[in-house]
Each structure stands twice: as structure tokens, then as C-alpha cells.
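Chain by chain, the residues run as shown.
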Amino acid sequence: MKLGIVGLPNVGKSTLFNSLTRAGAESANYPFCTIDPNVGIVAVPDQRLKLLGDMYQSKKVTPAVIEFVDIAGLVKGASKGEGLGNQFLSNIREVDAIVHVVRCFEDSNVIHVDGSVSPMRDIETINLELIFSDLEILERRHAKVAKAARMDKTLAREEALLVRVKEHLESGRMAKSMEIEDEDELELMRSYNLLTYKPVIYAANVAEEDLADDGAGNAHVAAVRQFAAGEDSEVFVICAQIEQEIAELDDDEKAMFLEDLGIAQSGLDKLIAASYRLLGLMSFLTAGEDETRAWTIKIGTKAPQAAGKIHSDFERGFIKAEVVNYKDLLEQGSLSAAREKGLVGMEGKDYVVRDGDVILFRFNV
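None of the values given here were measured: they were computed from a predicted structure.

Visitor: Sorry if this is basic, but what is going on with the overall build of the protein chain here?
Guide: Across its full length, the protein chain holds 14 helices and 12 strands. Taken across its 365 residues, the protein chain has 47% of its residues classed as buried. Across the protein chain, the fraction of contacts at a sequence separation of at least 24, relative to all contacts at a separation of at least 6, is 68%. Element-wise, carbon and sulfur atoms account for 49% of the exposed surface of the protein chain, whose accessible area totals about 17,900 Å².

Spelled out as C-alpha cells, the structure:
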């Protein structure tokens, strides 16, 4: 999974990126300190892996990972080349979802690029730049399709879709809010790789005192939540400065620090949970002496396709999947003991994998 972190300059974006990845992207109180996209790989915290790894005494424990791309601050006019312009926009075309950091704190020492704190204005600024950039992409595609569409019914249908999407964007709405009529249109929409078609998670960056109640008393956060609800986006509340402090601590210190603050989860934990929900993802596990590992798949994935995440040969030659829930496996202490208790199922091609399944695939190529 690849997430692009975006936002106006000085909203706490690079501070958040640093704390999530400990990658040390430069963070300063002026625009465009992040000139090139910074990329960090973050392990998805998963207690199940540690417990299974200990049980099997695995030589290696491999968590699922998320790739974060920190993008230079965007300003009004970016789609026309202002600020870092299209460099910003091209960098986020390849991500699965956009994490939009929105400033919801007041601090006279941190300059806002527009002079005052207004998360709804900030969201509108960035959304408009994404719309303008997408319109450019659609114009180019339309120019290619228009002539040939006269003689080709398939291209004629695509041209009609392009016209609809352009009109939708020109009305100030995001592509993801448009109704898609069938699978063919869905495939085309995915192929355009539009920025306004990507799912969005809003990171409401608050002051430390707003963390304990999850931003409940913050009017800026309330506005972001209301807006996000209208477009089926996710919202999580963070304090980027606190996240930076958490990043320096080991697991035990981190737990104590979070408890002192009166919060249950770190920003990274909240973000990962929001990402998995928004993208409809979950993890299945493989476990053994050599390696215990988490694999990220879409909810609803069937056994052969899950096997294909490990290796294409596993999917091609799929025979059966030996499946046990991780809790049952841990309670019994071994796969053979779980088998004896009838807790291990032999599943075929139609089995829909569940979160926390520990699977041994049988295949023949």
C-alpha cells in the first residue's frame, strides 16, 4: 500500500511524515522545505505476528508494510506551475490513497501561507488544484479519442464518459463522487489515474490539548469531519509534534507516554486503521520456522488469489488451503494439535479468506 501525504505548506505535513517513518525529512517553518518527495517504508504493527513468531521460533518475522510519500507543500495555482507546480501533482498519481494533512491548530509562531487558519479553505484550495490537473489529463485523452470515436463504438462510449467526467469536475466536484454506470466505465476511470478519483484520509492536525478528547471540542476538526462524511472519506486526529516525540520512544515508553496523554492509539496506528478501512484491506498470515509473515489483501479475496500474493505459481497450481484462525493456533500451540481438535479446515477455490487466517497453501505446478 502506498499513501501520499499532502497539504498546504506549514500544516505539519513533513513533521508527521518524519514521525511516521523516522526518515528525517527536513522540516522547517517555511514553504517547500520538502523539494523532492521523501519516501519511507513503515511496518504495520501486528501483535499476532510476534506471538506466532515466538511460538514457531521463526528465524524471520515480516510485517505488512505501508509506503509513505511526503509531497512538497501545495499552493494555489500549482496546476499552472505555481510553487512546485506539477512536480507535486505527478508525484501523487501513483499512490493508492491520499492522506491530506489539514491544520486545525492556532499558533502565531507558525506562519500560515494564507494568513489565517481555515481548514475548509485549505481543503478547497488543494481539491481545486487536483481538479485542474485532472481536467488537463482528460483534455489530452479526449483529443486522442475524439476523431477515432466516429468510427469506433467502444471509443464513442469512452468519449461520452470523458465528456461526463469533465462536466462533473468543471462543476467543482471530485471524480470519486460521480456515478459510474458499469464495469467498463469503472475500468476506464481506473486507467485515467485521476487524482480526484483517489480515496482520501484527512489528518486533522491539532494542538496537544485537543488530543485527549479526539478533537471533540475543536471547531476546525468538527468542520473537517462534517465535510469528510459527505464524501465518504476517513478522518483521524493527530498532533504532529506529539507524534514526533512518540517516534523517539521504545514500545514500553510509548505505551506509558500515550497513557499519560490519555489517548489509546498513536497517530500511526490511527492512520493504518483508517487506511485499511478506506481501502477495504485486511491481513492473512503464514507461519513457520523459517518465516512468519503478514500479507495484505482486499477483503473478499478468495484463497487462490491470496496464494498469488505469495507467488504466482501458488495461484496457478492451487489445490487446497489449510486454514486455521490465529487465536486457535496459539491456544493449541501447534498446527498438528489444532488439526487434532478439528480446528483446521481444508478449503477449496471458493473459500473467502478472513482477517487473521493462518494459511498453508497446497499447490502443484
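Visitor: How should the sheet that holds strand β5 (residues 97–103) be read in this particular structure?
Guide: Strand pairing in a sheet relies on backbone hydrogen bonds, with the paired strands running either antiparallel or parallel. Ordered by their spatial adjacency, six strands build an open sheet running β2-β4-β1-β5-β6-β7, and the pairing between neighbours is mixed. Edge positions in the open sheet fall to β2 (38–43) and β7 (234–238), since each of these has one partner strand only. The mean angle between the axes of side-by-side strands here comes to 25°, regardless of whether they run parallel or antiparallel. Pairing analysis gives six bridges linking β2 to strand β4 (residues 65–70), with the strands arranged antiparallel. Within β4, the position partnered with Gly 40 by the bridge is Phe 68. Running at roughly 160° to β7, helix α7 (residues 219–230) makes contact with β5, β6 (200–205) and β7 of the sheet.

Visitor: Please explain helix α5 (residues 153–170) as it appears in this structure.
Guide: Within an α-helix, residues lying three or four positions from one another point in the same direction, as the helix has 3.6 residues per turn. When the terminal C-alpha atoms of α5 are compared, their 26 Å separation across 18 residues agrees well with the 26 Å that a helix rising 1.5 Å per residue should span. Tucked into the core, α5 has its buried residues touching α4 (119–149) and α6 (183–192). Immediately downstream of α5, the backbone of Gly 172 shows phi near 90°, a positive value.

Visitor: I would appreciate a short explanation of a nonpolar patch on the surface in the present structure.
Guide: A cluster of nonpolar side chains, contributed by Val 39, Ile 41 and Val 65, occupies part of the molecular surface with about 260 Å² of accessible area. By the secondary structure assignment, Ile 41 is in strand β2. What makes Ile 41 exposed here is its relative accessible area of 52%.

Visitor: Before we go on, may I ask you to explain the side chain of His 142 in this structure?
Guide: With respect to the helices, strands and loops of the structure, His 142 is situated in helix α4. Accessibility expressed as a relative area gives 17% for His 142, which makes it buried. Residue contacts for His 142: discarding those within four places in its chain leaves Glu 159, Leu 162, Val 163 and Lys 166.

Visitor: Teacher, can you tell me more about the environment of Lys 50 here?
Guide: Its place among the elements puts Lys 50 in helix α2 (residues 47–56). Relative accessible area serves as the criterion here: at 48%, Lys 50 is assigned to the partly exposed category. Separated by 11 residues in the primary sequence, Lys 50 and Val 61 place their C-alpha atoms 7.3 Å from one another.

Visitor: Honestly, the packing of α4 against α5 in this entry has me stumped. Any pointers?
Guide: The description of two helices packed together rests on the angle between their axes and the distance between the axes. Two elements in contact, α4 and α5, have axes separated by 9 Å at closest approach and are oriented at 155°. Between α4 and α5, the crossing angle belongs to the class labelled roughly antiparallel. The handedness of the crossing between α4 and α5 comes out as left-handed. Contacts between α4 and α5 involve Ile 131, Asp 134, Leu 135, Leu 138, Glu 139, Arg 141, His 142, Val 145, Ala 146, Ala 148 and Ala 149 from the first element and Leu 155, Ala 156, Glu 158, Glu 159, Leu 162, Val 163, Val 165, Lys 166, Leu 169 and Glu 170 from the second.

Visitor: I'm lost on the packing of aromatic side chains in this one. Help?
Guide: Aromatic ring pairs are defined here through the distance separating the ring centres and the angle between the ring planes. A full pass over the atoms with the stated rule returns five aromatic pairs. Between Phe 318 and Phe 361, the ring centres sit 6.4 Å apart and the planes meet at 65°, which makes this aromatic pair edge-to-face. Of this pair, Phe 318 sits in strand β10 (residues 318–325) while Phe 361 sits in strand β12 (residues 357–363), placing them 43 residues apart in sequence. Taking the relative accessible area as the measure of exposure, Phe 318 reaches 6% and is therefore buried. Judged by its relative accessible area of 10%, Phe 361 falls in the buried class. Taking NZ or CZ as reference, Arg 48 lies 5.5 Å from the ring centre of Tyr 326, over its face. Directly above the ring of Trp 295 sits Arg 293, whose terminal nitrogen or CZ lies 4.1 Å from the centroid.

Visitor: Help me out: how do you make sense of the packing of α5 against α6 in this one?
Guide: Close contact between α5 and α6 brings their axes to 11 Å; oriented N to C, the two are set at 65°. Of the two elements, α5 crosses α6, and the hand of that crossing is right-handed. Along the contact surface, α5 presents Glu 158, Leu 161, Leu 162, Arg 164 and Val 165, while α6 presents Glu 185, Leu 188, Met 189 and Tyr 192. Considering only residue class, the contact of α5 with α6 consists of six nonpolar, no polar and three charged.

Visitor: How do you make sense of the pairing of β5 when you look at a structure like this?
Guide: Looking down a regular strand, the side chains alternate between one sheet face and the other. Judged by how many residues are buried, β5 sits mostly within the fold: seven of seven residues are covered. The side-chain alternation of β5 yields two buried faces, one formed by Ala 97, Val 99, Val 101 and Arg 103 and the other by Ile 98, His 100 and Val 102. Bridge count between strand β1 (residues 2–6) and β5: four bridges; the pairing is parallel. Considered in β5, the bridge of Leu 3 is made with Ala 97.

Visitor: So what exactly am I meant to see when it comes to the pattern of salt bridges here?
Guide: Proximity of charged atoms lets side chains of opposite charge pair with each other. Tallied over the full model, the rule gives 23 salt bridges. In this structure, Asp 350 engages Lys 302 in a salt bridge whose closest nitrogen and oxygen atoms are separated by 3.8 Å. Of this pair, Asp 350 sits in the loop between β11 (345–347) and β12 while Lys 302 sits in the loop between β9 (291–298) and α11 (303–310); the two residues are 48 residues apart in sequence, bridging distant segments of the chain. On the basis of relative accessible area, Asp 350 is assigned to the exposed category, the value being 62%.

The rules behind the values
- Residues numbered from 1 in each chain as written.
- Predicted model: local features only at pLDDT ≥ 70, side-chain atom pairs only at ≥ 80, totals over all residues.
- Heavy atoms only, no water.
- Helix = DSSP H or I, 4+ residues; strand = E, 2+ residues; numbered from the N terminus.
- Buried < 20%, exposed > 50% of the residue type's maximum accessible area, 1.4 Å probe, protein only.
- Contact = heavy atoms within 4.5 Å.
- Areas by Shrake-Rupley, 256 points an atom, 1.4 Å probe, with all protein chains shown as cover.
- Pairing = 2+ DSSP bridges.
- Axes fitted to C-alpha atoms, helices over the stretch in contact; angles between N-to-C directions.
- Expected span 1.5 Å × (residues − 1).
- Patch = residues over 30% accessible without salt bridge, like charges linked within 9 Å, V, L, I, M, F, W, Y side chains within 5 Å.
- Salt bridge = Lys/Arg side-chain N within 4 Å of Asp/Glu carboxyl O.
- Parallel < 35°, antiparallel > 145°, perpendicular 65-115°, else oblique.
- Left-handed = near helix turned anticlockwise from the far one by under 90°.
- Phe/Tyr/Trp six-rings, centres within 6.5 Å; stacked < 30°, edge-to-face > 60°.
- Lys NZ or Arg CZ within 6 Å of the ring centre and 35° of its normal.
- Nonpolar A, V, L, I, M, F, W, Y, C, P; charged D, E, K, R; others polar.

Any functional reading would require information beyond the geometric quantities listed.
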